[in-house]
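# Coordinates in review
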There are 2 protein chains.
Amino acid sequence: MVSCFIEKDKKTPIYKQLYDFYKEEMLNGNIKEGTKLPSVRSLSQTLSISKNTVNEAYQQLLAEGFIESRVKKGYWVVPNLEYLPDTKQEVLQEENKTIAAKEFTIDFQYGDIDLEHFPMKTWKKCLQDSLQENDKEILLYGNKLGSILLRKQIATYLYKSRGIHCAYEDIVISAGTNQLVRTVISLLQKDKLAVAMESPGYDGVKNTFLTEGCMIVDIPVTADDGYDVQALKSSGCNAAYITPSHQFPLGCIMPAAKRLELLKWAEETNAYIIEDDYDSEFRYEGAPVASLKGLDRQDRVIYAGTFSKSFLPSVRISYMVLPKKLLENLHEGFIDSQNASPIFQHALALFMEREHYERHLRKMRKIYKEKHEMLLSSLNEYMGGFVNIIGEKAGLHLLINVENKQHSQLIEAAAHQSIGIYSTASYYSNKSVDDCPIILGFGGLTLHKIDEYIKQLAKVWFN
Amino acid sequence: MVSCFIEKDKKTPIYKQLYDFYKEEMLNGNIKEGTKLPSVRSLSQTLSISKNTVNEAYQQLLAEGFIESRVKKGYWVVPNLEYLPDTKQEVLQEENKTIAAKEFTIDFQYGDIDLEHFPMKTWKKCLQDSLQENDKEILLYGNKLGSILLRKQIATYLYKSRGIHCAYEDIVISAGTNQLVRTVISLLQKDKLAVAMESPGYDGVKNTFLTEGCMIVDIPVTADDGYDVQALKSSGCNAAYITPSHQFPLGCIMPAAKRLELLKWAEETNAYIIEDDYDSEFRYEGAPVASLKGLDRQDRVIYAGTFSKSFLPSVRISYMVLPKKLLENLHEGFIDSQNASPIFQHALALFMEREHYERHLRKMRKIYKEKHEMLLSSLNEYMGGFVNIIGEKAGLHLLINVENKQHSQLIEAAAHQSIGIYSTASYYSNKSVDDCPIILGFGGLTLHKIDEYIKQLAKVWFN
């Protein structure tokens, strides 16, 4: 009989120790197929443990198919157990360095938003109220296309604020724009999809298109001339992804004439336009620029919006308005289960229904405007004459070009002082860091910090 | 001069009415390119509104590119505005019927869980504490691969409960298993991917593979003989998706000998196995069955787990343990932004850290065990002799075959009485409803309801 060491003081239950022991011995080939296990009675006596304990271990081995029982005769090791080679690899303990973000003391990263003025108390109340409902729709998987309550609120918001007429049935919710883009690709039948992407443009969506096997054609966008509609027309594409209200990252607004040209192109070539309206809420002169979707009378525009900039990234809620033709394709098979949390969807619907969202937007527009102005004046004060600023009076970022300096060196010099400064090179297809503007995200910084940080940056760069 | 009607009592601000009016007229071609707009002063006098208001409207039209200004001369309609055809479609008001779920008074739908015993108060506390932290990691986008705190908790849990040795760096979090599968496909280079799927098996994941363009080979699974390993070996596949701990939907456990054969197959053919361990927490006799990943010494198993069954579907948190080789491929480009909410991830980490999760699992195992037993005894009492029950003593569902009756008719008869009964046909590739077992989900039903509902169902079916 094999020796089996049971430690009665060990934290692992005794039945588990017994089970582990037998399993290991069988897997290593030390106890071979056809071997009869000691009877429950004899093993319990040998080890001075209860018969129940032995039985429990045997039942587990039985359930997992390591042993088989013959009625009233006992337990045998099953035939044909492949032995496991004993080459268990070391558990990887190092940090996965390709993913880990650097930590800077000062950080102009794009994507941060103002948290200081976030109405946490009101939001918590909406969250509490949602959880209180104890509703299956809220606590289980929820509607596949998204909470109907939230979709109704979004439809109302889009009508009032973005000039878009749609019903809640036209709206699909998801956890992030990339997810929406994947759904669009499915709906458009990706094998045939050639997508015109702004260059520079949002790299996240571009990666999604590429990962999904779509063809990509770069359409040049410049700060001076904007979107190159001629390039689009001769691209042969059947879909275009654009950010007309506030081009990312250049910040320009697509003028009406171009918008109408784009719509005509879509109509004539049976193409679809994905309008990503990621931050149109924040324009600091006049009202937000009207949406392209609002002009779309042939139903060729897929409108995508998000709460990541205007509310809170961590609720992970984005949405899109789909043209009728695509809605028809949207049957069960096309759509995964809903990835956005039904709890947050419901809480956000309450937040909007109670008019907190509009109030929040008004407040934040004011706050970001001040930050935007502070950034401009700080850049002027500490770097005036050395930098060119690119971007409309909108959004949560600005671009700068620094004259007579290599941008790569500037970014490195800043990093050396633990100041996070980022290139827009990843938004271009084939440009070096030195040829691309620098992006300054200011959404998450306080007024005081903006001034202080630009001052420090100027010291690093120009002293 | 065109006539423009301003309603001062209207809720729409006057500048907006003016802007809307001009925009519409230009888009309809009523005000043509090159037309000079009235001066700010004259229009303000004509309409008896302030110059600021007129100016605001003009500035918006200017920003959106409908008009252009010539210094000190005024505003002109820009050239080349395409007129919009006036064919605006009706807003779709009907329900999207392909998606809307039917509402039954009595529902045996699979996927519902017990909400009555969910520790809402404790969970709310964890949520409150998470929001309290006001941490950027929690309120913004968070770590792309998932909260490190949560991944550490999962690693500990997997070691203690599933026999899996892994570091948090091996774990990737996502909002739902489909999302994880998409990431896996990217990592495995989908052009070459032929996936062996259990038949019957989970249709959601199958759809994801198909949507992503993977080849699918069905591997037969039967309640009596389990998984057909020979079919796998001759399939030519380089990946397999399996549910070894509790086959979905049949409920069988894959025995040790087959597990080892599968691992050998993966090693010899350089294939990967995706182990979906969706509900292994709930086994009602003995401990949960050990995981396949725990036997995996060649690092060929991708282990996928979820909190949808064991905690709450609406937190939308799933995870996987990746083999080292695949982790190496997991660089920025391969991974979208994190779709699972950083807030819920953090709150769940707290919930686990404070040992609520283990307690919750223990409690729920007991509760589901009672429900499972109730379902068995009700089936026996009211339908004994008419139905065959398929499934191990585990999970939140059972399958039944009703003798000498057409399943399609039974489902229809039940629906007629507002009782939701579902076929497993969608889990098979090419089988009619009559040839497939019926699935009874019982997770969301109380003990009393289980008894009552089966009684009513028996009346509908056998009276």
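Structure first, text after, so check above.
In what follows, the accompanying structure is described.

### Here we look at the environment of V460 of chain A
Residue and element names in this part refer to chain A. Counting through the fold element by element, V460 comes out in helix α15 (residues 447-462). By relative accessible area, V460 is classed as partly exposed at 27%. Expressed as a C-alpha distance, the spacing of V460 and H165, which sit 295 residues apart in the sequence, is 51 Å. The residues contacting V460, other than those within four sequence positions of it, are A413, A414, Q417 and I419.

### Focus on the interface of chain A and chain B
The interface of chain A with chain B comprises 108 residues on the first partner and 108 residues on the second. Carbon and sulfur atoms supply 54% of the area that chain A and chain B bury against each other, a total of about 9200 Å² over both sides. As a salt-bridge pair, R297 of chain B and E24 of chain A come within 2.8 Å of each other at their nearest N and O atoms. Linking chain A to chain B there are 33 residue pairs in polar contact (both at pLDDT 80 or more).

### Thoughts on unusual backbone geometry
Cis peptide bonds are those with omega within 30 degrees of zero, and the linkage from F248 of chain A to P249 of chain A qualifies with 5°. Turning to its location among the elements, P249 of chain A is positioned in the loop between β8 (239-242) and α10 (256-269). Backbone torsion omega between S199 of chain B and P200 of chain B reads 5°, so that peptide bond is classified as cis. As for its position among the elements, P200 of chain B is in the loop between β5 (194-199) and α8 (203-211). In this model, N404 of chain A sits at a positive phi of 55°, which is unusual for a non-glycine residue.

### Observations concerning the pattern of salt bridges
All names here are of chain A. This model, assessed by the stated rule, comprises 34 salt bridges over all chains. The closest approach of N and O atoms between K264 and E268, which form a salt bridge, is 3.9 Å. Residue K264 and its partner E268 are both found in helix α10; the two are separated by 4 residues, about one turn of the helix. Judged by its relative accessible area of 33%, K264 falls in the partly exposed class. Residue E268 is classed as exposed on the basis of its relative accessible area of 59%. The residue K366 makes a salt bridge to E370 at a minimum N-O spacing of 4.0 Å. Taken together, the positions of K366 and E370, both in helix α13 (residues 356-383) and 4 residues apart, correspond to about one turn of that helix. Judged by its relative accessible area of 58%, K366 falls in the exposed class. You can call E370 partly exposed: its relative accessible area is 36%.

### Overview of the sheet that holds strand β10 (residues 301-306) of chain A
All names here are of chain A. Pairing is mixed across the open sheet formed by 8 strands, whose spatial order is β4-β11-β10-β9-β8-β5-β6-β7. With one partner strand each, in any of the chains shown, β4 (171-174) and β7 (226-227) form the two edges of the open sheet. Pairing between strand β5 (residues 194-199) and strand β6 (residues 215-222): 6 bridges, direction parallel. Note on β6: the bridge partner recorded for E198 is I219. Sheet contacts for helix α6 (residues 148-162): β4, β10 and β11 (318-321); angle to β4, the most-contacted strand, approximately 115°.

### Observations regarding the relation of the copies chain A and chain B
Screw-axis analysis of chain A against chain B gives a translation of 0.0 Å along the axis, an RMSD of 0.0 Å, and a rotation angle of 180°. Both chain copies can therefore be described as sitting about a two-fold axis.

### Re the pairing of strand β16 (residues 438-441) of chain B
Residue and element names in this part refer to chain B. Across the two faces of β16 the burial is the same, with I438 and L440 and I439 and G441 all buried. Sheet topology places strand β13 (residues 397-402) next to β16; 4 bridges connect them, and they run antiparallel. What sits directly across from H397, in β16, is G441. Here 2 bridges tie strand β15 (residues 422-423) to β16, and the two strands are oriented antiparallel to one another. Bridging from a neighbouring strand, Y422 pairs with I439 of β16.

Rules used throughout
All chains use their own residue numbering, which begins from 1 and follows the written sequence. To read the labels, note that chains go from A and ligands from 1, taken in the order they are written. The predicted origin of the model limits local features to residues at a pLDDT of at least 70 and limits the giving and counting of side-chain atom pairs to 80 or more, whereas totals for whole chains, interfaces and linings rest on all residues. Note that the side-chain values use all heavy atoms of the structure and ignore hydrogens as well as water. Strands here mean DSSP runs of E at least two residues long; helices mean DSSP runs of H or I at least four residues long; both are numbered from the N terminus. Note on classification: 1.4 Å probe, protein chains only; a residue is buried when its accessible area is under 20% of the maximum for its type, exposed when over 50%, partly exposed between these limits. The contact definition used throughout considers only heavy atoms, calling two residues in contact when any of these lie within 4.5 Å. Two parts lose some accessible area (1.4 Å probe) when they are put together, and adding that loss for both gives the buried area. When a carboxyl oxygen of Asp or Glu lies within 4 Å of a side-chain nitrogen of Lys or Arg, that pair is called a salt bridge. Here a polar contact is taken to be a pair of N or O atoms separated by no more than 3.5 Å, where protein atoms must pair a possible hydrogen donor with a possible acceptor and residues adjacent in sequence count only if both atoms sit in side chains. For two strands to pair, DSSP has to find at least two bridges joining them. For helices, the fitted line uses only the C-alpha atoms of the stretch in contact; every axis is such a line through C-alpha atoms, and the angle between N-to-C directions lies from 0 to 180 degrees. The atoms used to superpose the copies are C-alpha atoms, taken from residues with pLDDT of at least 70 in both, and the fit is least squares.

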